Amino acid sequence: MTLSPEQQAEIDAARAETRPTLRPVSEGIEAMLYSAVPVLDHGFVRVVDYMGDDAAIVQAARVSYGAGTRKARDDRGLIRYLMRHWHSTPFEMCEIKLHVKLPIFVARQWIRHRTANVNEYSARYSILDREFYIPQPEQLAAQSSANRQGRGSVLQGEEAEAVLRLLREDSGRGYDNYQWMLNEGPDGAPVDPERAGLARELARMNLTANVYTQWYWKIDLHNLFHFLRLRADPHAQHEIRVYADAMCEIAKAWVPAAYEAFEEYRLGGVQFSASAIACLKRMLAGEQVTQATSGMSPGEWREFQAALAD
């Protein structure tokens, strides 16, 4: 992970300054504020700000219950009830703002989740750093023969070495040409006074998709949990899953009771279709059910069997 001197100075200054506040705070995430959690080779996730905690979820849910029911169930039990029954608005009362540094190809996959407020580093106005994501050898895998968007067996030997070499060479060559086209030194002056240099908004198109970008990403807890349910899943692409794993640890520190319920009912839970429930009832009654007699397609049957095996 690489932080610029300016970013590190900003982090150090923010962590050194304390302010009295009357607003509710989450002690777990207070300890994580501003610190960068390393992800991949040059990436990170850091908490910039947050609003709300487990108590905010409970407060929002109980506003319609009335004071007479405040002791009807404890906070943890209420949060688990809300999660179990797919209530969403109480979780929307909590928000978090993250600063994320990530490869461009991961950012393009990530941005498909359109439920956050995003402001990305602009390569129209600024020059991107010479930092590229290069996978670890164990992440170099062939295309899966069974999954069109997944990985198969890990590449070995000369082929793996050749792939790593090409990734490094193409990334470096693309960035070198990007710098040449910009014709701009660290001080902003032309490297070659005889050339005008290409506009930044055009020169950037030559960069490879493994170059790192950065953004601020603000999202409410309900939509964060939806993001994590998809991206922290074992079937998610490794390069986005490691970011989701880091964010799971952040959420666990921020809203421990809500995260416990999320882990129980979303990450660790399984949702069955009506056909699958019918099959389960028949199987529990002692009937031998096959894909042909299940009423499910081959794909649904495979997923049903995999869920039972897990």
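Now for a look at the structure at hand. (Residues numbered from 1 in each chain as written. Predicted model: local features only at pLDDT ≥ 70, side-chain atom pairs only at ≥ 80, totals over all residues. Heavy atoms only, no water.)

## Here's the deal with a nonpolar patch on the surface
In step 1: Among the surface-exposed residues, L198, L202 and M205 lie close enough to one another that they form a single nonpolar patch of about 290 Å² accessible area.
In step 2: Looking at where L202 falls in the secondary structure, it is placed in helix α7 (residues 200-203). (Patch = residues over 30% accessible without salt bridge, like charges linked within 9 Å, V, L, I, M, F, W, Y side chains within 5 Å. Areas by Shrake-Rupley, 256 points an atom, 1.4 Å probe, with all protein chains shown as cover. Salt bridge = Lys/Arg side-chain N within 4 Å of Asp/Glu carboxyl O. Helix = DSSP H or I, 4+ residues; strand = E, 2+ residues; numbered from the N terminus.)

## Looking at the environment of D75
In step 1: Assignment of secondary structure puts D75 in helix α4 (residues 75-84).
In step 2: With 196 residues separating them along the chain, D75 and Q271 place their C-alpha atoms 25 Å apart.
In step 3: Setting aside residues no more than four positions away along its own chain, D75 makes contact with V58 and R62. (Contact = heavy atoms within 4.5 Å.)

## Observations regarding the pairing of strand β2 (residues 43-51)
In step 1: Where burial is concerned, most of β2 is hidden: 7 out of the 9 residues are buried.
In step 2: Bridge count between strand β1 (residues 36-39) and β2: 4 bridges; the pairing is antiparallel. Bridge pairing in β2 places P38 opposite F44.
In step 3: In textbook terms, the turn of a hairpin is the stretch between consecutive antiparallel strands, and for β1 and β2 this stretch comprises 3 residues, one of which, L40, has a positive phi near 55°.
In step 4: With 7 bridges connecting them, β2 and strand β3 (residues 95-103) associate as antiparallel partners. When the sheet's bridge partners are listed, R46 is paired in β3 with H99. (Buried < 20%, exposed > 50% of the residue type's maximum accessible area, 1.4 Å probe, protein only. Pairing = 2+ DSSP bridges.)

## Focus on the sheet that holds strand β7 (residues 212-220)
In step 1: Spatially, the 5 strands line up as an open sheet ordered β1-β2-β3-β7-β4, and their pairing is antiparallel. Single-partner strands in this sheet number two, and they are β1 and β4 (117-120). If you compare each strand with its neighbour and ignore which way they point, the axes differ by 20° on average.
In step 2: In the packing of helix α1 (residues 5-16) onto the sheet, contacts are made with β2, β3 and β7, and the angle to β2 comes to roughly 35°.
In step 3: Sheet contacts for helix α9 (residues 238-254): β1, β2, β3 and β7; angle to β3, the most-contacted strand, approximately 155°. (Axes fitted to C-alpha atoms, helices over the stretch in contact; angles between N-to-C directions.)

## Notes on the side chain of H99
In step 1: For H99, the position within the fold is in strand β3.
In step 2: Within polar-contact distance, the side chain of H99 engages the side chain of R46 at 2.8 Å.
In step 3: Side chain to side chain, H99 and Q214 meet in a polar contact 2.8 Å long.
In step 4: Ignoring anything within four residues of it in the chain, the contact list for H99 reads Q7, F44, V45, R46, V48, Q214, W215 and Y216. (Polar contact = N/O pair within 3.5 Å; in protein donor to acceptor, adjacent residues only side chain to side chain.)

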